[in-house]
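Coordinates in review
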Amino acid sequence: MVPPSYREASLGLGATRFQTLYKVILPSAIPGILSGVILSMGRVIGESAALFLTAGTVYKIPTSIMSSGRTLTVHAFLETKEKGDIASAAAAGIVLIVMILVLNLLAKFISNRFNKANY
């Protein structure tokens with residue numbers, strides 16, 4: 001998403017290709033890269049149930065920090081299907097929505113901050 005004129009201007013002023021990449025293109029591209037990474041993390045969190053249910057998952061709640069566990073989407077699904085506990089599934093859904101909202105706001109904040117710093 002970096003305009004080609006940035007590269008042309010840098011090369012026209014006598015910078016090498018590496019200097020152009022390191023000092024012009026990469027700093028201009030960082031907001032988009034960071035926003036993309038954070039938004040993809042949010043998407044992975046939201047869509048992990050289908051992947052984990054088809055590829056296999058752990059059906060237990062972790063007992064320690066190093067033990068296997070399940071994702072929030074799988075937890076909500078299993079709480080509803082196996083136990084019929086809608087309140088617990090809704091609580092897991094709310095936590096999931098809040099996490100995705102925080103990731104989206106973080107992406108917006110980082111994008112705005114870097115864009116203001118560059119221009």
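All values reported here derive from a predicted model rather than from experimental measurement.

**Here we look at the overall build of the protein chain**
In terms of helices and strands, the protein chain carries five helices and zero strands. Secondary structure elements in the protein chain, listed N-terminal to C-terminal, are α-α-α-α-α. A burial count over the protein chain gives 20% of its 119 residues as buried. By sequence separation, contacts in the protein chain at least 24 residues apart represent 46% of the contacts at least 6 residues apart.

**Considerations on the UniProt feature "transmembrane region" (unreviewed entry) in the protein chain**
Cross-referencing UniProt, the feature "transmembrane region" (unreviewed entry) maps to residues 20-42 and 86-107 in the present numbering. As annotated, residues 20-42 has a helix share of 100% and a strand share of 0%, and its two end C-alpha atoms lie 32 Å apart. Annotated as residues 86-107, this span is 100% helix and 0% strand, and its ends, taken at the C-alpha atoms, are 31 Å apart.

**Details of a nonpolar patch on the surface**
Together, Phe-18, Tyr-22, Leu-26, Ile-33, Val-37 and Met-41 line one region of the surface with nonpolar side chains, adding up to about 610 Å² of accessible area. Considering the arrangement of structural elements, one finds Val-37 in helix α2 (residues 17-46). Exposure remark for Val-37: the relative accessible area of 42% places this residue in the partly exposed category.

**Details of the packing of aromatic side chains**
This model, assessed by the stated rule, comprises one aromatic pair. Pairing Phe-18 with Tyr-22 gives two aromatic rings, centres 5.8 Å apart and planes at 5°, and the pair type is stacked. Here Phe-18 and its partner Tyr-22 are both found in helix α2, four residues apart, which amounts to about one turn of the helix. Overall, Tyr-22 belongs to the exposed group, its relative accessible area being 52%.

Procedures and definitions
- Residues numbered from 1 in each chain as written.
- Predicted model: local features only at pLDDT ≥ 70, side-chain atom pairs only at ≥ 80, totals over all residues.
- Heavy atoms only, no water.
- Helix = DSSP H or I, 4+ residues; strand = E, 2+ residues; numbered from the N terminus.
- Buried < 20%, exposed > 50% of the residue type's maximum accessible area, 1.4 Å probe, protein only.
- Contact = heavy atoms within 4.5 Å.
- UniProt positions renumbered as here; feature names shortened; annotations may be inferred.
- Patch = residues over 30% accessible without salt bridge, like charges linked within 9 Å, V, L, I, M, F, W, Y side chains within 5 Å.
- Areas by Shrake-Rupley, 256 points an atom, 1.4 Å probe, with all protein chains shown as cover.
- Salt bridge = Lys/Arg side-chain N within 4 Å of Asp/Glu carboxyl O.
- Phe/Tyr/Trp six-rings, centres within 6.5 Å; stacked < 30°, edge-to-face > 60°.

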